[in-house]
Amino acid sequence: MSIHSTVQDTGPAKQGSEFLGSYLETLSMVERLHRLLLDVIKDEFERLGLLDINSVQALLLFNIGENEVTAGELKSRGYYQGSNVSYNLKKLVEAGYMHHQRCEIDRRAVRVRLTEKGRNIRVLVAELFERHAHGMASKEVIGEVGLQSINSVLRRVERYWTDQIRYIY
């Protein structure tokens with residue numbers, strides 16, 4: 001290998017290309033992990049015989065917790081990213097997992113909160129996550145420092161993407 005080819009291989013274009021490749025791999029991994037999380041929840045619910053709720057809805061109940069929110073707040077608080085939030089809320093209300101009522105101030109807005117049945121689902125998801133956390137720690141899949149590092153990086157990516165939405169358009 002010549003010095004010239006070594007310089008080219010480590011130059012800005014090569015480094016930019018390597019970074020882009022790593023970035024695209026990270027994007028793909030985040031997407032796969034989210035889908036896999038939904039599959040893990042789905043499998044757990046199938047084992048428990050809970051077939052009237054899907055994994056997206058269960059995760060939504062988990063994230064809402066004891067809060068009372070509007071559909072708009074679900075997205076702004078980061079509880080829900082899907083475009084069919086109204087559909088899932090309607091299904092959760094129909095199945096008895098959530099209460100809903102019109103806001104006193106803005107009659108167009110509907111506030112939702114978990115019913116006892118919804119809180120039970122939230123507990124099941126929390127227990128699943130707790131088992132996973134203990135399993136990962138005991139098998140040394142990742143430690144506290146590793147998780148803190150991942151979370152720190154992901155928060156910075158989140159801020160960057162948020163800034164792109166706010167300031168580019």
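Since the model is a prediction, treat every value here as computed from it, not as a measurement.

### Let's talk about the packing of aromatic side chains
Okay, step 1: Applying the stated criterion across every chain yields a total of one aromatic pair.
Okay, step 2: For the pair Phe-62 and Phe-129, a centre-to-centre distance of 5.0 Å together with 80° between the ring planes defines the contact as edge-to-face. Here Phe-129 lies in helix α6 (residues 116-138) and Phe-62 lies in helix α3 (residues 55-64), a separation of 67 residues in the sequence.
Okay, step 3: Above the ring of Tyr-97, the side-chain terminus of Lys-117 is found at 4.5 Å from the ring centroid.
Okay, step 4: Over the ring of Phe-62 we find Arg-122; its NZ or CZ atom is 5.0 Å from the centre of that ring.

### Here's the deal with the side chain of Ser-55
Okay, step 1: Inspection of the secondary structure assignment puts Ser-55 in helix α3.
Okay, step 2: Owing to a relative accessible area of 12%, Ser-55 belongs among the buried residues under this scheme.
Okay, step 3: At a separation of 3.2 Å, a polar atom in the side chain of Ser-55 contacts the main-chain carbonyl oxygen of Leu-38.
Okay, step 4: Among residues more than four places away in sequence, those in contact with Ser-55 are Leu-38, Ile-41 and Lys-42.

### Let's talk about unusual backbone geometry
Okay, step 1: Of note in this structure, Glu-140 is not a glycine but carries a positive phi near 55°.
Okay, step 2: For Glu-140, the location among the structural elements is in the loop between α6 and α7 (144-168).
Okay, step 3: With relative accessibility at 70%, the residue Glu-140 sits in the exposed group.

What counts and how
Residues numbered from 1 in each chain as written. Predicted model: local features only at pLDDT ≥ 70, side-chain atom pairs only at ≥ 80, totals over all residues. Heavy atoms only, no water. Phe/Tyr/Trp six-rings, centres within 6.5 Å; stacked < 30°, edge-to-face > 60°. Helix = DSSP H or I, 4+ residues; strand = E, 2+ residues; numbered from the N terminus. Lys NZ or Arg CZ within 6 Å of the ring centre and 35° of its normal. Buried < 20%, exposed > 50% of the residue type's maximum accessible area, 1.4 Å probe, protein only. Polar contact = N/O pair within 3.5 Å; in protein donor to acceptor, adjacent residues only side chain to side chain. Contact = heavy atoms within 4.5 Å.

Purely geometric stuff here, so don't read any function into it on its own.
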